[in-house]
Amino acid sequence: MPSTMPVAENSTLGKLKVYLGYAAGVGKTFQMLADGQAAAQRGLDIVLAYFEPHARPDTIAQVQGLEILPHRKIEYRGRTFEEMDTEAILGRKPQIALVDELAHMNVPGSARTKRWEDVQELLHAGIEVWTTMNVQHIESLNDQVWQVTGIQVRETVPDWVIRQAAEIVAVDVTPEALLNRLKRGAIYKPEMVQKALQGFFKGSNLGALRELTLRQAAHEVDLQQSAYDETGSVQGPRTSETSPGGKADDPWKERILIHITADPSTAILIRRGRRVADYLHADCMALFVHRTTEVSPLLASEREAVEKHLRFARGLRIETRVTGGSDVAKTVVEFARNNQVTQIFVAQSQTRLGERLRGRNFAENIVRMAADLQVTVVADRSRRLRS
Amino acid sequence: MRLSELPRPSPERLLKQAQAEESKRWGARLKIFLGYAPGVGKSYRMLDEARRRRERGEDVVVGAVQQEPSEELQALLRKLERIEPLETSSGQTMDLDAILRRAPQVCVVDPLATENPPGSRNRYRWQDVQELMRNGVSVLTSVNLLHVVEYREKVQAITGKHTTEAIPKSFLLAADDIVIVDVPTDLCLWRLGEKLTPTGISNSRERELSELRELALLLTAEVVDAQLESYVHAHGIEPVFGTHERFLVCITPQCNAKTMIESGKRNKERFQGELFVVYVRRPQDTDKEKAALESYLESAYEAGATIEVIESNDPIEGITEFAHQNRITQIFIGHRSQENWRDWLFGDPVLRLIRGAEGIDVRVFPD
């Protein structure tokens, strides 16, 4: 299962450390800089590779004495944007680079679209990277965050990127303290405060995001233990036999199959399948079936959507397959049986009128046909939003 | 075991509510700084907050400090007012009466898990804290996971260390605020004077600490979830779905209940979630079916599930309602191998459940 393993096999790969928070202003950057200062004092070769210029005064005070690398200036539509200068960092080649805001999307015209891709470059050059992010930017949590807060987050980081992290640090503060900081104007400019209070900072959102952060951090810490048990010292008290990691002889070893279609709900399905597979230490694959009996070929827009979904699945390190069949549901179920799949993931599709007249929709057909397998019908979480 | 003998969670919840309401009445707030081991920096974070609050005009005193505070802590303590401890024949203790006479807004109590010398008014320091709060004094305090009663056995199994001072978990659950002071294990050990190791887990000692760290994170998440729930109750808003996984296994005498419960247990453990098992009582159940259900419910109990019996004319409606009330994220249900006349009349129950489970995943198991 090379697709789900972290790339950390390579000994020259730099280590990644993620400071995880639940909102702007919890103190991720402050904590990272404080740890950076301590590391610099111990004589480690550490640079500040990217730092948000809108930082708060007490955060800026933490920068004093650290080597700051210049940002790259990029012109876009008549304005100048500052981005991390990855090439300059690679040239400088420090032991440790501090990079603020892992989930940031680069301005068009940059060498790479996303900052986490820049960070990959640094890691591959053997540089250790310390970075910050909020829980709502984790790809597989996207729908849960949407369900919990009613806000859809666009800038996301694939889970496998975070899974590479040798260390994750939960930066915790109470929502009450955070709201005080916000109202004192310590997080956003005054004109932004009202907007924030109606968005992520609203009512129960902070508590819910905080809980997600703590649970995510606990999960990552748990995975680090498994990774240590599998690769770390053999003289440790726990050998791999007792580790929860998916061994070949594990009778519970699961294999998840995600059914891909052109329907937009497929994105939710892929994220959910990936997340469940990660937690259950299961293998995960995705399948698209094109109907061979169709008179007209796939519409261009449908083909595009399917390709987008297949790319998205591969981006989350899910093995993808494409096959044809006259009966799509039957083909999916047969594929599952032939590939030792234990669980099929299908979307809870909107029932079309024709299907309603025939009695069942697609998901229901799969449930009916795959009586020997587990079938998970994944809900469309966006449909149950809190007011 | 009979169903009627199964413990119910409600009295505990009522107690928690009563505790919370009592302190709220006096306007005092309890804030706890939780760490997974010594050396994470709980006391520093707490005293630094005390300093900031004092600078912003709050009336803050320090009622108790740990023995031999570090240079860093002493620097913070110099900026704060201290109430000297009481010297008794059997040792030092926090001077509760002196603090109550001084009547500050906020009192720092470090650490929380201490047993008072014999002859003191309260046996434990956490009881002193309750007394301060009853008198309207807000408290900032710190505690180490190892001192939480319910975790002592686990911690002991991991570290081999034994402690006598302990506080009940309910005390943490009733706190107004809890903050986890989370640092990587290598930094924690480094602060205790050990050699700094590379980022990540690199030896068995760090492996041990990492397990404690995971427990502390999950304990904090649990407290945050409880706070969220009471916030939702107090504000009359719809429950928050999806902050953590809550599995609902629906069993009938016909389904493959053992496998489903086993899977539910495994999912609960892997996701650090919660497990619920329900069955819908039907008048036509035979004695044999009732006996089968009893044995299923026993294994559900052993799996740590919350068990619920639903009496409803329409099982699917009952299940859906229960799932929504309990913020369920995944429903496990058994396949129906044979259709009968009722299905023909009302529709296949599994398919009806899938349609009715708005926002909840449905996992269908083979018979």
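Since the structure is predicted, the reported quantities are computational estimates derived from the model, not experimental observations.

(A) Broad picture of the overall build of chain A. If you tally the helices and strands in chain A, you get 14 helices and 13 strands. Looking at chain A as a whole, 45% of its 387 residues are labelled buried.

(B) Representation of the pairing of strand E6 (residues 106-109) of chain B in the model. Residues and elements named next belong to chain B. On E6, burial covers both faces: Val106 and Val108 on one face and Cys107 and Val109 on the other are all buried. As defined by bridge partners, E6 adjoins strand E7 (residues 138-144) across four bridges and the pair is classed as parallel. Counted as the bridge partner of Val106 is Ser138 from E7. Note on the crossover from E6 through helix H5 (residues 125-134) to E7: the handedness is right-handed.

(C) The packing of helix H12 (residues 328-338) of chain A against helix H14 (residues 362-369) of chain A, seen in detail. Residues and elements named next belong to chain A. H14 packs onto H12 with a crossing angle of 45° between their chain directions and a minimal axis gap of 9 Å. Taken together, H12 and H14 sit at an angle that is classed as oblique. Like other packed secondary-structure pairs, H12 and H14 cross with a definite hand, here right-handed. Along its contact with H12, which presents Ala329, Lys330, Val332 and Val333, the element H14 presents Phe362, Asn365, Ile366 and Met369. Class assignment of the residues belonging to the contact of H12 with H14 gives a composition of six nonpolar, one polar and one charged.

(D) Spatial organisation of the environment of Leu212 of chain B. All names here are of chain B. For Leu212, the location among the structural elements is in helix H9 (residues 204-235). For the pair formed by Leu212 and Val277, sequence separation is 65 residues and the distance between their alpha carbons is 29 Å. In contact with Leu212, not counting residues within four places along its chain, are Tyr36, Ala37, Leu145, Val155 and Ile158.

(E) Main features of the interface of chain B and chain A. Each partner contributes to the interface: chain B provides 54 residues, whereas chain A provides 56 residues. For the side of chain B that touches chain A, the elements supplying multiple residues, two or more each, are strand E8 (177-180), H9, helix H10 (257-271), helix H14 (349-356) and strand E13 (361-365) of chain B. If you tally residues by element for the side of chain B that touches chain A, the top one is H9 of chain B, at 16 residues. In terms of residue class, the side of chain B that touches chain A is made up of 27 nonpolar, 14 polar and 13 charged. By the bridge criterion, three bridges tie strand E13 (residues 374-378) of chain A to E13 of chain B in an arrangement that is antiparallel. In the sheet register, Val375 of chain A faces E13 of chain B, and the bridge partner there is Val364 of chain B.

(F) Molecular detail of the domain arrangement of chain A. Residue and element names in this part refer to chain A. Parsing chain A into structural domains produces domain 1 (16-228) and domain 2 (255-383). Look at where the C-alpha atoms of domain 1 and domain 2 centre, and you get two points 34 Å apart. The partner domain 2 presents eleven residues to the nine residues of domain 1 that form the contact. Sorting the residues of the side of domain 1 that touches domain 2 by element identifies helix H5 (142-149) and helix H6 (159-163) as the ones contributing at least two each. Sort the elements by how many residues they give to the side of domain 1 that touches domain 2 and H5 lands first, with four residues.

(G) Fine view of the packing of helix H12 (residues 315-325) of chain B against H14 of chain B. Residue and element names in this part refer to chain B. Close contact between H12 and H14 brings their axes to 10 Å; oriented N to C, the two are set at 30°. The pairing of H12 with H14 is recorded here as roughly parallel in orientation. Here H12 and H14 pass one another in a crossing that is right-handed. Between H12 and H14, the contacting residues are Pro315, Ile316, Ile319 and Thr320 on the first element and Pro349, Arg352, Leu353 and Gly356 on the second. Grouping the amino acids of the contact of H12 with H14 by side-chain chemistry returns five nonpolar, two polar and one charged.

(H) Seen up close, the sheet that holds strand E6 (residues 96-99) of chain A. Residues and elements named next belong to chain A. Overall, parallel pairing links the six strands, which are arranged E3-E2-E6-E7-E1-E8 in an open sheet. Each edge of the open sheet is held by one strand with a lone partner, namely strand E3 (67-68) and strand E8 (167-170). Note: E6 against strand E7 (residues 128-134), four bridges, orientation parallel. By the bridge assignment, Val99 is partnered in E7 with Thr131. Lying on the sheet, helix H4 (residues 115-124) is in contact with strand E1 (16-21), E6 and E7; it crosses E7 at an angle near 160°.

(I) Representation of helix H2 (residues 42-55) of chain B within the structure. Residues and elements named next belong to chain B. With 14 residues, H2 extends 20 Å from end C-alpha to end C-alpha; this agrees with the ideal 20 Å at 1.5 Å per step. For H2, the complete set of buried residues consists of Lys42, Ser43, Met46, Leu47, Glu49 and Ala50. Angular distribution of buried residues about the axis of H2 spans 155°; they occupy a single face of the element. Exposed side of H2, more than 90 degrees from the buried face: Arg52 and Glu55 are the residues found there. Residues of H2 that are buried sit in contact with strand E1 (30-35), strand E2 (60-64), helix H3 (71-77), E6 and E7. A positive backbone phi angle near 100° is found at Gly57, which sits one or two residues after H2.

(J) Just the environment of Cys284 of chain A, in detail. Residue placement: Cys284 of chain A occurs in strand E10 (residues 283-291). For the pair Cys284 of chain A and Thr320 of chain A, spaced 36 residues apart in the sequence, the C-alpha separation amounts to 9.2 Å.

(K) Representation of the sheet that holds E7 of chain B within the structure. All names here are of chain B. The strand order across the open sheet built from six strands is E3-E2-E6-E7-E1-E8, with neighbouring strands paired in parallel fashion. On the outer flanks of this sheet lie strand E3 (81-82) and E8, each paired with one strand and no other. As paired strands, E1 and E8 are joined by four bridges and run parallel to one another. Within the sheet, the bridge partner assigned to Ile32 lies in E8 and is Ile178. Against the sheet, H2 engages E1, E2, E6 and E7, with an angle of about 165° to E7. Against the sheet, H5 engages E1, E6 and E7, with an angle of about 160° to E7.

(L) How the structure looks around the nonpolar core. Within the largest apolar cluster, 123 residues are counted, with the highest numbers of intra-cluster contacts made by Leu20 and Ala97 of chain A together with Leu34, Leu145 and Leu217 of chain B. With eleven residues, the single largest contributor to this core is H9 of chain B. Among all residues touching Ala97 of chain A, those that are not within four sequence positions of it are Val47, Ala49, Ile89, Leu122, Ile127 and Val129 of chain A.

Analysis parameters
- Residues numbered from 1 in each chain as written.
- Chains lettered and ligands numbered in written order.
- Predicted model: local features only at pLDDT ≥ 70, side-chain atom pairs only at ≥ 80, totals over all residues.
- Helix = DSSP H or I, 4+ residues; strand = E, 2+ residues; numbered from the N terminus.
- Buried ≥ 20, exposed ≤ 12 C-beta atoms within 10 Å, placed from the backbone.
- Pairing = 2+ DSSP bridges.
- Right-handed = clockwise from strand over helix to strand, strands pointing away.
- Axes fitted to C-alpha atoms, helices over the stretch in contact; angles between N-to-C directions.
- Parallel < 35°, antiparallel > 145°, perpendicular 65-115°, else oblique.
- Left-handed = near helix turned anticlockwise from the far one by under 90°.
- Contact = placed C-beta atoms within 7 Å.
- Nonpolar A, V, L, I, M, F, W, Y, C, P; charged D, E, K, R; others polar.
- Domains from an automatic or database assignment.
- Expected span 1.5 Å × (residues − 1).
- Arc of directions from axis to C-beta.
- Core = buried A, V, L, I, M, F, W, Y, C linked by C-beta atoms within 7 Å.

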